[in-house]
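Residues per chain are reported as follows:
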Amino acid sequence: MNGNQRTRRRVIHAMLATPVLAGLGTAMRAYGQDSDELITAADKALDVFDFERLARAKLPPAHFGYLATGVDGDATLKANAAGFSNYSLRVRRMVGVRNIDMSVNLFGTTWDSPIVIDPVGSQRAFHPDGELATARAAKSRKHLQILSTVSSTGVEDVTAARGAPIWYQLYPTDQWSVTHGLVRRAEAAGCPVLVLTVDLQGGSNRVTLARAIPRDSRDCTSCHTSSRTRLSGFITGKPMFDGIDISAVTDLTGLDMNWDYLKRLREIWPRKLVIKGIVTREDAELAVGHGVDGLIVSNHGGRAEDSGRAAIDSLAEVAAGIRGRVPVLVDGGFRRGTDIFKALALGANAVGIGRPYIWGLASFGQEGVEKVLDILRTELQTAMRQAGTRSIAEIKPSFVVDNRRG
Ligand SMILES: Cc1cc2nc3c(=O)[nH]c(=O)nc-3n(C[C@H](O)[C@H](O)[C@H](O)COP(=O)(O)O)c2cc1C
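Residues numbered from 1 in each chain as written. Predicted model: local features only at pLDDT ≥ 70, side-chain atom pairs only at ≥ 80, totals over all residues. Heavy atoms only, no water.

What about the environment of R90?
For step 1, the next point in the chain: Considering the arrangement of structural elements, one finds R90 in the loop between β1 (87–89) and β2 (104–106).
For step 2, the next point in the chain: Exposure remark for R90: the relative accessible area of 45% places this residue in the partly exposed category.
For step 3, the next point in the chain: In this structure, the C-alpha to C-alpha distance between R90 and V400, residues 310 residues apart in sequence, is 5.1 Å.
For step 4, the next point in the chain: Not counting the four nearest positions on each side in its chain, R90 is found in contact with S398, F399, V400 and V401.
For step 5, the next point in the chain: Of the polar contacts made by the side chain of R90, one reaches the backbone oxygen of S398; its length is 3.0 Å. (Helix = DSSP H or I, 4+ residues; strand = E, 2+ residues; numbered from the N terminus. Buried < 20%, exposed > 50% of the residue type's maximum accessible area, 1.4 Å probe, protein only. Contact = heavy atoms within 4.5 Å. Polar contact = N/O pair within 3.5 Å; in protein donor to acceptor, adjacent residues only side chain to side chain.)

Set out below in structure tokens:
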């Protein structure tokens, strides 16, 4: 909130405190757009931001800081959200829209919805059931789930809770023996797709998180070792590293990683390989040239570099370059069905969400994640109906306008 918004909010609150306007205040808040009330049950949520407010209130400061943080001045984080307003919907009328098919096919598997549960690390920091609650929600709502390397539950247990194969996200680390150990385990657990994250190679300066940590007065030593300043300290205790010697690990992606790395990975990973963190057309074309099976356009939810560039803008150029040769997924700032619709129109095959489902998880566990998925699915369905598009394939570039071009 900027200074003007704060002043406006203070004036409105003062007005609403007067008896004559108090009833109006209740009515306005009930409409929810400027609400600061906390929901008391998952089914009371009107949009995903109801869960954000509750998660902020419920979580310890350091854990909310971990979730909320961008990098540096949060320029990319803000751009991800603001980027959607650069595109408007260009809808059509008089199409019979009773039956809406939101299904998508990725690598031979059909999903009821194009909304994908992104890899988010350490989910027990948000709810005691962590990734298991997320997996149960993914199962009941039939969504694709991608598990983080730094999960707080191992891939076997999450796969069992999901009741179907999940995709595995890989931070390879700078030690090949560690990469090998992680990949072998994902393969044995039946993961059909390995998602190599490539957008944190240079490190990230998470200012919001750093500011939040000192505000947390709890004793955190039972979960966080005192060696956390070293990377091996960060991954110590993460179940995917059980039985793997991580003493030599110094960074998550390896400063030396380049396109040749994909060849090496191919030798030990026999299934589909997707690369996550591509933001330009040039890299998308190089990735396809190096044989990847799919791409995730992502700036790590504004947590990689502070480029100030919205994920939705990166998507537009990547999809134009790829021209359907491999599936293109995108994530970063998706909070409304209309955001998702815009990405599908710009060429995405599916859309990932990170923070929104974690807000749901922190608020009400599995039920919260389910409600977030329900809200976004319903909003997307409404957007598709209003636009006159009955299937994902019908959502073409002509359904959006880039307001900067007109
Ligand atoms: C708390 C948190 C942890 C994350 N952990 C991982 C991770 O372990 N691996 C990864 O590839 N991406 C990770 N991400 C990035 C997400 O997969 C995704 O790219 C991003 O959250 C999408 O943006 P959104 O949060 O605005 O929806 C994380 C994001 C957050 C917010």
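Details of the sheet that holds strand β9 (residues 294–297)
For step 1, the next point in the chain: With parallel pairing, 8 strands are arranged side by side in an open sheet as β4-β11-β10-β9-β8-β7-β6-β5. Where the open sheet ends on each side, the last strands, each with one partner, are β4 (115–117) and β5 (146–147).
For step 2, the next point in the chain: Pairing between strand β8 (residues 272–278) and β9: 4 bridges, direction parallel. Residue pairing across strands places I278 opposite V297, the latter belonging to β9.
For step 3, the next point in the chain: On top of the sheet, helix α15 (residues 355–387) reaches β4 and β11 (350–353); it is set at about 155° to β11, its chief contact. (Pairing = 2+ DSSP bridges. Axes fitted to C-alpha atoms, helices over the stretch in contact; angles between N-to-C directions.)

Notes on the packing of helix α12 (residues 281–289) against helix α13 (residues 311–322)
For step 1, the next point in the chain: Remark: α12 packs on α13, axes separated minimally by 8 Å, with the N-to-C direction vectors making an angle of 40°. The angle between α12 and α13 places the two elements in the oblique class. α13 is crossed by α12, and the crossing has right-handed handedness. On the side of α12, the interface is formed by R281, E282, A284, E285 and V288, while α13 contributes E317, V318, A320, G321 and I322.
For step 2, the next point in the chain: When its residues are assigned to classes, the contact of α12 with α13 shows 5 nonpolar, 1 polar and 4 charged. (Parallel < 35°, antiparallel > 145°, perpendicular 65-115°, else oblique. Left-handed = near helix turned anticlockwise from the far one by under 90°. Nonpolar A, V, L, I, M, F, W, Y, C, P; charged D, E, K, R; others polar.)

Points about the confidence of the model for the protein
For step 1, the next point in the chain: Per-residue confidence for the protein gives a mean pLDDT of 91, with 89% of residues at or over 70.
For step 2, the next point in the chain: Considering each helix and strand of the protein separately, the mean pLDDT is smallest for helix α1 (residues 3–17), with a value of 45, and largest for β4, with 99.
For step 3, the next point in the chain: Contacts from residues 1–30, a stretch scored under 50 in pLDDT, to residues over four places away or in other chains number 15 contacts. (pLDDT = per-residue confidence, 0-100.)

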